[in-house]
Amino acid sequence: MSREWRIGLGYDLHRLAAGRKLLLGGVPVSFELGLVGHSDADVVLHAVTDAVLGAAGLPDIGEQFPDTDPAWKDADSRKLFELAMVRVERQGFEVSNIDIIIHAERPKLSAYKRLIAESVARLAGCMPSHVNVKAKTNEGLGPVGEGLAIACTAAAMLVMRPSA
Ligand code: MG
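This write-up is about the structure you can find in this document. Residue positions are counted from 1 within each chain, in the order its sequence is given. Only residues with pLDDT of at least 70 get local features here, since the model is predicted, and only at 80 or more are side-chain atom pairs given and counted; chain-wide, interface and lining totals rely on the full set of residues. Only hydrogens and water are removed before side-chain values are computed, so all heavy atoms of the structure are retained for them.

A closer look at helix α4 (residues 113-124)
What counts is decided by this rule: Helical segments are the DSSP runs of H or I of at least four residues, strand segments are the runs of E of at least two, and each set is numbered from the N terminus. One fewer than the residue count of a helix, multiplied by 1.5 Å, yields its expected span. Only protein chains enter the accessibility calculation, which uses a 1.4 Å probe; a residue is then buried when its area is under 20% of its type maximum, exposed when over 50%, and partly exposed in between. Every residue pair with non-hydrogen atoms within 4.5 Å of one another is taken to be in contact.
Counted at 1.5 Å a residue, the expected span for α4 with its twelve residues is 16 Å, and the 16 Å between its end C-alpha atoms agrees. Along α4, the positions that sit buried rather than exposed are Ile116, Ala117, Ser119, Val120, Ala121, Leu123 and Ala124. Buried residues along α4 sit against β2 (22-24), β3 (27-29), α1 (43-56), α3 (77-90), β5 (93-103) and β6 (131-136). One or two steps after α4, the chain reaches glycine 125, where phi turns positive at roughly 75°.

This is the structure we're talking about:
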């Protein structure tokens, strides 16, 4: 019997500001600025969460964890992703692989790509080799290029568990 496969796409952007921690994929990144948001503003986990939710046909992160809800103020995005994964797994799916592009003019992220992949894989319940992280600048253009924001695009492939 053939297994059911689903693909999902996620995107997010947060503003950079002083006095905030920079978290990308659950990994603290050393930088003089951090991302601003109602939660911890982990732009990578938000994009990945929307990718898996989209693939499973579930409501998006903004619907499930509204930024008007005080329950999610300063929320740990790892927790949001874990809650989303519980819902995805309830539908019978598991993560096959995740592909991530981080759009950031600064800081340079080459030293963090592997750590971010390992962190996302741990949360997604898949092998680190099944999470790919790419970092791109925006050639100095737009809010990302001007260093005002960091954005992330993520794709997630889900597969129906054999037992489901
Ligand atoms: Mg967000």
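Notes on unusual backbone geometry
Note that the residue after arginine 106, namely proline 107, is joined by a cis bond; omega there is -5°. Turning to its location among the elements, proline 107 is positioned in the loop between β5 and α4. A positive phi angle, near 65°, is found at alanine 41, a position not held by glycine. By secondary structure assignment, the location of alanine 41 is in the loop between β4 (33-35) and α1.

Everything listed here is a matter of geometry and, on its own, says nothing about what the molecule does.
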